[in-house]
Amino acid sequence: MGIGRREFLKLSSLATLGFIINPFEAVVAADNVYINKKLGVLFHKPDGWGFVRIKDFGKLKDQQIFGNGIEEMKEEILEELGDPICIATKYYKDRPELKGVFSPTISLYITPKKELESLGHESFEELIKMSEYAPQTYLKDFQIIKRYEPYLISGVTFYEYDTEYSFEHEDISEALKVELKVLKAEHNGFYYDFNCHQSSAQNQLAKYEFEEFKDSIKMI
């Protein structure tokens, strides 16, 4: 459904008030706001966090270690997962003292519906059930902790569930327990996947930041 183009553009203008942008620019990631006019989504990142350039995401992926004995299939898995269209993270500056520190992160993945039509699912709910368990194949100790009742954001139905897994990385000596909150929606011929990572094991929590982020989402 969405909120309507006029209202979306009004909110976009308010969100970018105070800094100069190109009005014809389709994607804006500046200050605390991310706006994608083509995909019809707007949200605010938490204060003090930074956007990660997608071209720098390759390095982050290369340093992650896949569990369940499939590290040798890492390249194929990463190609299948694709890259997010937007990443916001708490520790966005590369500093020596942050080596080995888990950074709470929000990422957005977009998949055109037509790319998944061959899977043969009859509904978005069926696709969600299939996707819930896919990470078990490459994330160590992955499990679903809680599912929430569907709710509306800008008139669009969102599905939410909490998971946890053991994060393995070249800069971390032992596998680190990480909590992942997933938000999924189907809209305008796309599947939207918002992934919110934090780690209570390192006291790198972002519960309130995730809630504020969720409250800021607008869909056209």
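Scroll up to find the structure.
This structure is a prediction, so every number in the text was calculated from the model and none was measured. (Residues numbered from 1 in each chain as written. Predicted model: local features only at pLDDT ≥ 70, side-chain atom pairs only at ≥ 80, totals over all residues. Heavy atoms only, no water.)

1. Some words on the side chain of Gln198
Within the fold, Gln198 resides in strand 12 (residues 190-198). Of note is the side chain of Gln198, whose polar atom sits 3.4 Å from the backbone nitrogen of Lys207. (Helix = DSSP H or I, 4+ residues; strand = E, 2+ residues; numbered from the N terminus. Polar contact = N/O pair within 3.5 Å; in protein donor to acceptor, adjacent residues only side chain to side chain.)

2. Here's the deal with a negative patch on the surface
A cluster of acidic residues, Asp31, Asp47, Glu212 and Asp215, forms a negative patch at the surface. Tracing the backbone through its elements, the reader meets Asp31 in the loop between strand 1 (27-30) and strand 2 (33-36). (Patch = residues over 30% accessible without salt bridge, like charges linked within 9 Å, V, L, I, M, F, W, Y side chains within 5 Å. Areas by Shrake-Rupley, 256 points an atom, 1.4 Å probe, with all protein chains shown as cover. Salt bridge = Lys/Arg side-chain N within 4 Å of Asp/Glu carboxyl O. Lys, Arg positive; Asp, Glu negative; His and termini not counted. Charge placed at Lys NZ, Arg CZ, Asp CG, Glu CD.)

3. Topic: the pairing of strand 10 (residues 156-169)
Most of strand 10 is tucked away, with 13 of its 14 residues classed as buried. Where strand 8 (residues 140-147) lies against strand 10, five bridges are found, and the strand directions are antiparallel. Each residue of the ladder has a partner; that of Ile144, found in strand 10, is Thr163. The sheet contact formed by strand 9 (residues 151-153) and strand 10 spans three bridges and is antiparallel. Directly across from Leu152, in strand 10, lies its bridge partner Thr157. Sheet topology note: the strand 10/strand 11 (residues 176-187) ladder contains 10 bridges and is antiparallel. From the neighbouring strand, Tyr159 faces strand 11, where its bridge partner is Lys184. Hairpin geometry of strand 10 and strand 11 is characterised by an intervening segment of six residues between the two adjacent antiparallel strands. (Buried < 20%, exposed > 50% of the residue type's maximum accessible area, 1.4 Å probe, protein only. Pairing = 2+ DSSP bridges.)

4. Considerations on the packing of aromatic side chains
Each aromatic ring pair is specified by the distance between its two centres and by the angle formed by the two planes. For the structure shown, the criterion picks out 10 aromatic pairs. Grouped by ring-pair contacts, the aromatic residues Tyr34, Phe43, Tyr151, Phe158, Phe194 and Phe213 constitute a single cluster. Lying across the ring of Phe51, Lys45 places its NZ or CZ 5.7 Å from the centre. (Phe/Tyr/Trp six-rings, centres within 6.5 Å; stacked < 30°, edge-to-face > 60°. Lys NZ or Arg CZ within 6 Å of the ring centre and 35° of its normal.)

5. Quick look at the environment of Pro135
By secondary structure assignment, the location of Pro135 is in the loop between helix 4 (124-133) and strand 8. Take Pro135: its relative accessible area is 13%, and that puts it in the buried class. A sequence separation of 30 residues divides Pro135 from Tyr165, and the C-alpha atoms of the two residues are 9.2 Å apart.

6. So, the sheet that holds strand 3 (residues 41-44)
Spatial ordering of the open sheet is given by 1-2-3-13, a layout of four strands whose pairing is antiparallel. If you trace the sheet from one side to the other, it starts and ends with strand 1 and strand 13 (218-219), each paired once. As defined by bridge partners, strand 3 adjoins strand 13 across two bridges and the pair is classed as antiparallel. The residue of strand 13 that forms the bridge with Val41 is Met219. Sitting on the sheet, helix 5 (residues 207-216) is in contact with strand 3 and strand 13, with an inclination near 145° to strand 3. (Contact = heavy atoms within 4.5 Å. Axes fitted to C-alpha atoms, helices over the stretch in contact; angles between N-to-C directions.)

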